[in-house]
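In case you want the letters, here they are:
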Amino acid sequence: MTLYPKLIHDALATVRYPGNGKSLIENEMLADDLRIDGMKVSFSLIFPKPTDPFRKSMVAAAEAAIHTYVSPEVEVAIGVKSQTELPPEPDKLLPGVKNIIAVSSGKGGVGKSTVTANLAIGLARLGYRVGLLDADIFGPSIPKMFQVEDARPYAENIDGRDLIVPIEKYGVKLLSIGFFVNPDQATLWRGGMASNALKQLIGEAKWGELDYFILDTPPGTSDIHLTLLQTLGITGAVIVSTPQQVALADARKGINMYMNDKVNVPILGLVENMAWFTPAQHPDEQYFIFGRGGCKDLAAELQVPLLAQIPLIQDVCEGGDNGLPAVLDPASPSGMAFMALAARVVTQVDRRNLEQPPTERVQTH
């Protein structure tokens, strides 16, 4: 005999909850954690409150229904949850967050995390409340860039739920999978595990009131991007690329993902990183070692703003490695560039919110 979800659903539809006489299915008491492995079935039942008087009888009745209507040979494991223990619905995950910005790149190595870190700090220095989620599950770099690699977030019980308290540095609230794994070992997770971990960092954390919630996404397009799009209504995306054609070709794919009819996340603009090289000894000289104006041309073609051109300067690299992002020195050329980027993002978000409706999450069926 082969088990499949509808058999389990049909069996549970025969079980009535004494509280109102409706079935477990009608009451939406079956959690979304149904698992089938051969002849083994596991799932959870959701009750209105932890002290529900019908918990034990309902678990026994559900098991009996499966044995009666499916097969007596099915091994059944049933957990119980209460409404107060459940995370909020996706649309209510971050009620205190005004704007969610995804920073993306078509390929790795273009400085996306560097741009993200400096953008977040720049927004904080402009007086905004900022959170930063390192969504690059397999290559988290934000802890190093903020010099908080040894930080270990703790959980705080709020209204019956244990929530992770983000680390704060430079006026930015931070969370990263890098806080919870060994930095010297590879994160060997399947897509589902990575997506669940990301959902926890979003929905089971104490983000509080934020003006901007910045997502440092992985390079390319992946399960992680889909999880973010399905979990959050993203205000807009900032695309980072270097000027050379091979990077721009991948950037187009990232842009296409957000502009897809089923996604519809507005592109706030492009950032051209490593736009030119300027030697420290000759600050007025520019060498276009990766090509010239590639992002500018792409922005014009797609009719989206070019938010910034960030020069390739040694202090940007050193600042990222030392946990002192370049924007902390707003008088330096790179610091001025990143502060200008932050100001442009604020302008573009305000314009986007004025002209367009809020972004809807991508629905799954």
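Residues numbered from 1 in each chain as written. Predicted model: local features only at pLDDT ≥ 70, side-chain atom pairs only at ≥ 80, totals over all residues. Heavy atoms only, no water.

Counting its secondary structure elements, the protein contains 10 helices and 13 strands. Its C-alpha atoms give the protein principal-axis dimensions of roughly 80 × 45 × 40 Å. Relative to its 365 residues, the protein shows a buried fraction of 50%. The contacts in the protein between residues at least 6 apart in sequence include a share of 73% that link residues at least 24 apart. (Helix = DSSP H or I, 4+ residues; strand = E, 2+ residues; numbered from the N terminus. Buried < 20%, exposed > 50% of the residue type's maximum accessible area, 1.4 Å probe, protein only. Contact = heavy atoms within 4.5 Å.)

Per the counting criterion, the structure on display carries 4 aromatic pairs. Between Tyr17 and Phe54, the aromatic rings sit 5.5 Å apart at their centres with planes inclined by 85°, giving edge-to-face as the arrangement. Placement of the pair is Tyr17 in the loop between helix 1 (5-12) and strand 1 (35-37) and Phe54 in the loop between strand 2 (40-47) and helix 2 (55-69), with a sequence separation of 37 residues. On the basis of relative accessible area, Tyr17 is assigned to the buried category, the value being 9%. Here the aromatic rings of Tyr128 and Tyr212 are separated by 5.3 Å at their centres, their planes lie at 90°, and the arrangement is edge-to-face. Of this pair, Tyr128 sits in the loop between helix 3 (112-125) and strand 5 (130-134) while Tyr212 sits in strand 10 (residues 210-216), and the two are 84 residues apart along the sequence. With a relative accessible area of 30%, Tyr128 lands in the partly exposed category. (Phe/Tyr/Trp six-rings, centres within 6.5 Å; stacked < 30°, edge-to-face > 60°.)

Let us now look at the packing of helix 3 against helix 10 (residues 333-355). As a packed pair, helix 3 and helix 10 sit with axes 8 Å apart at the nearest point and diverge in direction by 75°. When the axes of helix 3 and helix 10 are compared, the pair comes out roughly perpendicular. Here helix 3 contributes Thr114, Val115, Asn118, Leu119, Gly122, Leu123 and Arg125 to the contact with helix 10, which in turn contributes Phe338, Met339, Leu341, Ala342, Val345 and Val346. A class-by-class count of the residues in the contact of helix 3 with helix 10 yields 9 nonpolar, 3 polar and 1 charged. (Axes fitted to C-alpha atoms, helices over the stretch in contact; angles between N-to-C directions. Parallel < 35°, antiparallel > 145°, perpendicular 65-115°, else oblique. Nonpolar A, V, L, I, M, F, W, Y, C, P; charged D, E, K, R; others polar.)

Summed over the entire model, instances satisfying the criterion amount to 6 salt bridges. Lys206 is the salt-bridge partner of Glu156, the closest N and O atoms lying 3.2 Å from each other. Linking Glu156 in strand 6 (residues 155-158) with Lys206 in the loop between helix 5 (191-203) and strand 10, this pair joins segments that are 50 residues apart in sequence. In this structure Glu156 comes out as partly exposed when scored by relative accessible area, which is 27%. Put simply, Lys98, Arg129 and Asp211 are held in one network by salt bridges that share partners. (Salt bridge = Lys/Arg side-chain N within 4 Å of Asp/Glu carboxyl O.)

A contiguous nonpolar surface patch, about 280 Å² in accessible area, is contributed by Phe277, Tyr287 and Ile289. Secondary-structure assignment places Ile289 in the loop between strand 12 (267-277) and helix 8 (294-302). (Patch = residues over 30% accessible without salt bridge, like charges linked within 9 Å, V, L, I, M, F, W, Y side chains within 5 Å. Areas by Shrake-Rupley, 256 points an atom, 1.4 Å probe, with all protein chains shown as cover.)

Next up on the list: the confidence of the model for the protein. Confidence in the prediction for the protein averages 84 pLDDT; 90% of positions are at 70 or higher. When mean pLDDT is compared element by element in the protein, strand 10 scores highest at 95, while helix 9 (residues 314-322) scores lowest at 68. (pLDDT = per-residue confidence, 0-100.)

It is worth spelling out the sheet that holds strand 2 at this point. Pairing within the open sheet is mixed, and its 3 strands lie in the order 1-2-3. A single partner strand is all that each edge strand has here, and the edge strands are strand 1 and strand 3 (75-82). The average angle at which neighbouring strand axes cross in this sheet is 20°, direction not considered. By the bridge criterion, 3 bridges tie strand 1 to strand 2 in an arrangement that is antiparallel. Residue Asp37 lies in a different strand from strand 2, and its bridge partner there is Lys40. Along the sheet, helix 2 makes contact with strand 2 and strand 3, crossing strand 3 at roughly 150°. (Pairing = 2+ DSSP bridges.)

Now for the pairing of strand 5. Most of strand 5 sits out of view: 5 of its 5 residues are buried. A two-sided burial pattern is seen for strand 5, the buried positions comprising Val130, Leu132 and Asp134 on one face and Gly131 and Leu133 on the other. As judged from the 5 bridges shared by strand 5 and strand 10, these two strands associate in the parallel manner. Paired with Asp134 across the bridge in strand 10 is Asp216.

Relative to the 21 Å expected for 15 residues at 1.5 Å per residue, helix 2 spans 21 Å between its end C-alpha atoms, a close match to the ideal helical length. Three or more residues of helix 2 are buried, namely Arg55, Met58, Val59, Ala62, Ala65 and Ile66. The buried residues of helix 2 occupy an angular sector of 125° when projected down its axis, which confines them to one face. Away from its buried face, by an angle of more than 90 degrees, helix 2 presents the exposed residues Lys56 and Thr68. (Expected span 1.5 Å × (residues − 1). Arc of directions from axis to C-beta.)

Among the secondary structure elements, Lys112 is positioned in helix 3. Exposure remark for Lys112: the relative accessible area of 6% places this residue in the buried category. At a separation of 2.9 Å, a polar atom in the side chain of Lys112 contacts the side chain of Asp216. With sequence-adjacent residues up to four places away left out, Lys112 is seen in contact with Val103, Ser104, Ser105, Asp136, Asp216, Thr217, Pro218, Pro219 and Val240. (Polar contact = N/O pair within 3.5 Å; in protein donor to acceptor, adjacent residues only side chain to side chain.)

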